[in-house]
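Residue strings, one per chain:
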Amino acid sequence: MEAESTVDHIEAGFRPSFPGFWKDVSPAEWSDWKWQLRNRITTLEGLEKHLVLTPEERAGVILSGTKLALAVTPHYFNLIERDNPGCPIRRQIIPYVGEGSVSAAEMADPCGEDSHMPVPGLVHRYPDRVLFLVTDRCAAYCRYCTRSRVVSGAGEQELETDFDQAIAYLEQHTEVRDVLLSGGDPLLFSDEKLDALLGRLRAIPHIEFVRIGTRVPIFLPQRITPELCAILKKHHPLFMSVHVNHPRELTTEVRDALARLADHGVPLGNQSVLLRGVNDSLSVMKSLVQKLLRCRVRPYYLYQCDLIQGSAHLRAPVAKGIEIIEGLRGHTTGYAVPQYVIDAPGGGGKVPVNPGYVFFHDREKVVFRNFEGKVFEYPEVEESVRSTPAPLHEEAFTS
Ligand SMILES: *Cc1c(COP(=O)(O)O)cnc(C)c1O
């Protein structure tokens, strides 16, 4: 079959980010993650050297100085279209005047994290797992960041993680079996610091599972060195959630970094945020999730954008998220379909939001539809059978 359109065809392929705007830089420098960090674009002048900005973007850059800093790695910057203010990469990373318009429903801490911190930097909302905010720095800053109140160092509030207190809390709380490292981006730590932190967590016997939430493989794929991969491999079972919103972000460099992680046994998931003008379209999302599978990344969550202050221009309606899931489920590989969730405003945690497939359900039957809209009926086990008790287990098989 022919590709549906030229755009689909181009997005389906992987393209290198290098050299782009950096024609004078050697491949050796480009591949050095510290060079990438040192050469981030952080100023209006830096942006305007390469891009034609709109007045709304220019005003946004000025605002960003007191809220969420501007920073873009050269690797990611190369994915921006020079003259197109509607560019899906640009909308994620270049400040916009709308960041200064705060509506009544928007909050500085939309998921109520600060009120769920038993010790500074540790969010304990769910019974068996915690979110550990280990740094306030990222390789680049997403304009819709749910933690913009503390990340980047530009705002007034500071992340005051106390590592000794956090480790002591985890040692005492034997119900915690899963620790999610996030921030900020934990992969900005040096190899030694990350190894030591993972080692401290691994020394706690009841912690079964560790994962890292990171956008470094996307913003800064050069950081995923063989040395880093070897460290991660020592601390298995260790999963990683990356954050890709648009298929163009999966460059050849990113694909290769993800392959290195997968080759070291790190199971990879992706968390996307539904963003207006970025990925609020079925064709973009379908192309993204299929391209993720080619990179051995399993789409995990699709988030409704949190009610972060100044995010209205980036938020898409919930109906759009449901429509996208409906257009994926059954129409493409089941592994490619993420769970669409809303992180309940104020701190209720992630709540799944699904298209409606079930029309009717009582003790006798379920009436439902499939992905094509065909209606089916599933009869429940008859009352006479159900009322006979099932044979009892002598022991509970919990281990
Ligand atoms: C998202 C999140 C987790 C992890 O949730 P999973 O559904 O297990 O991925 C844990 N704690 C907090 C506070 C979170 O926001």
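Since the structure is predicted, the reported quantities are computational estimates derived from the model, not experimental observations. (Residues numbered from 1 in each chain as written. Predicted model: local features only at pLDDT ≥ 70, side-chain atom pairs only at ≥ 80, totals over all residues. Heavy atoms only, no water.)

Across its full length, the chain holds 15 helices and twelve strands. Taking 21 Å as the expected radius of gyration for a compact globule of 399 residues, we find that the chain reaches 23 Å, a close match to that expectation. Each of the three principal axes of the chain carries a C-alpha extent, and together these read 80 × 55 × 45 Å. Across the 399 residues that make up the chain, the buried fraction comes to 49%. At a minimum sequence separation of 6, the contacts of the chain that also span at least 24 residues come to 75%. If you sum the accessible surface of the chain, you get close to 18,900 Å²; carbon and sulfur atoms cover 55% of it. (Helix = DSSP H or I, 4+ residues; strand = E, 2+ residues; numbered from the N terminus. Rg over C-alpha atoms; globule rule 2.2 N^0.38 Å. Buried < 20%, exposed > 50% of the residue type's maximum accessible area, 1.4 Å probe, protein only. Contact = heavy atoms within 4.5 Å. Areas by Shrake-Rupley, 256 points an atom, 1.4 Å probe, with all protein chains shown as cover.)

Right, let's talk about the packing of aromatic side chains for a bit. The final tally for this structure, using the stated rule, is twelve aromatic pairs. With a centroid separation of 5.9 Å and an interplanar angle of 85 degrees, the aromatic rings of Trp22 and Phe77 are classed as edge-to-face. Remark: Phe77 occurs in helix 6 (residues 74-77) and Trp22 occurs in the loop between helix 1 (6-12) and helix 2 (27-30); sequence separation between them is 55 residues. Judged by its relative accessible area of 11%, Trp22 falls in the buried class. Counting every residue linked through ring pairs, the aromatic cluster contains Phe18, Phe21, Trp22, Trp30, Trp35 and Phe77. (Phe/Tyr/Trp six-rings, centres within 6.5 Å; stacked < 30°, edge-to-face > 60°.)

The local shell around the ligand consists of Val123, Arg125, Tyr126, Arg129, Leu131, Leu180, Arg211, Tyr300, Tyr301 and Lys350. Within the side chain of Arg129, a nitrogen or oxygen atom sits 2.7 Å from an oxygen atom of the ligand. A distance of 2.8 Å is found between an oxygen atom of the ligand and a side-chain nitrogen or oxygen belonging to Arg211. Surface burial for the ligand is 90%, taken as the share of its 390 Å² of free accessible area covered by protein chains. Looking at the shell around the ligand, the elements with two or more residues in it are strand 1 (122-126), strand 2 (129-133) and strand 7 (297-304). Element by element, the count of residues in the shell around the ligand is highest for strand 1, at three residues. In the shell around the ligand, the residues fall into six nonpolar, no polar and four charged. (Near = heavy atom within 4 Å. Polar contact = N/O pair within 3.5 Å; in protein donor to acceptor, adjacent residues only side chain to side chain. Nonpolar A, V, L, I, M, F, W, Y, C, P; charged D, E, K, R; others polar.)

Here we come to the domain arrangement of the chain. Domain boundaries in the chain define domain 1 (1-355) and domain 2 (356-399). A straight line from the C-alpha centre of domain 1 to that of domain 2 covers 39 Å. Domain 1 puts six residues into the contact, and the matching count from domain 2 is four residues. For the pair domain 1 and domain 2, the interface holds one salt bridge. Note that Arg369 and Glu326 form a salt bridge whose closest N and O atoms lie 2.9 Å from each other. For the pair domain 1 and domain 2, the interface holds two residue pairs in polar contact (both at pLDDT 80 or more). Broken down by class, the residue content of the side of domain 1 that touches domain 2 amounts to one nonpolar, three polar and two charged. (Domains from an automatic or database assignment. Salt bridge = Lys/Arg side-chain N within 4 Å of Asp/Glu carboxyl O.)

For the rest of this paragraph, the subject is the environment of Thr135. With respect to the helices and strands, the residue Thr135 is situated in the loop between strand 2 and helix 8 (163-172). When the C-alpha positions of Thr135 and Gly13 are compared, they lie 34 Å apart, and in sequence the two are 122 residues distant. Excluding its chain neighbours within four sequence positions, the residues that come into contact with Thr135 are Leu159, Ser182, Gly183, Gly184, Asp185, Pro186 and Phe189. Only 3.0 Å separates the side chain of Thr135 from the backbone nitrogen of Arg137, close enough to count as a polar contact.

Once that is clear, we can look at the sheet that holds strand 10 (residues 358-361). Spatially, 10-11-12 is the arrangement adopted by the three strands of the open sheet, whose pairing is antiparallel. The open sheet has two edge strands, strand 10 and strand 12 (375-379), and neither has a second partner. Put simply, the sheet's adjacent strands are angled 15 degrees from each other on average, direction ignored. As judged from the three bridges shared by strand 10 and strand 11 (residues 365-369), these two strands associate in the antiparallel manner. Bridging from a neighbouring strand, Val358 pairs with Phe368 of strand 11. (Pairing = 2+ DSSP bridges. Axes fitted to C-alpha atoms, helices over the stretch in contact; angles between N-to-C directions.)

On to the pairing of strand 12. Burial of strand 12 is sparse: only zero of the five residues sit out of reach of the surface. Where strand 11 meets strand 12, five bridges bridge the pair, whose relative direction is antiparallel. Across the sheet, the residue bridging to Val367 is Glu377, located in strand 12. In this antiparallel pair of consecutive strands, strand 11 and strand 12, the connection spans five residues, and Gly373 shows a positive phi of 90 degrees.

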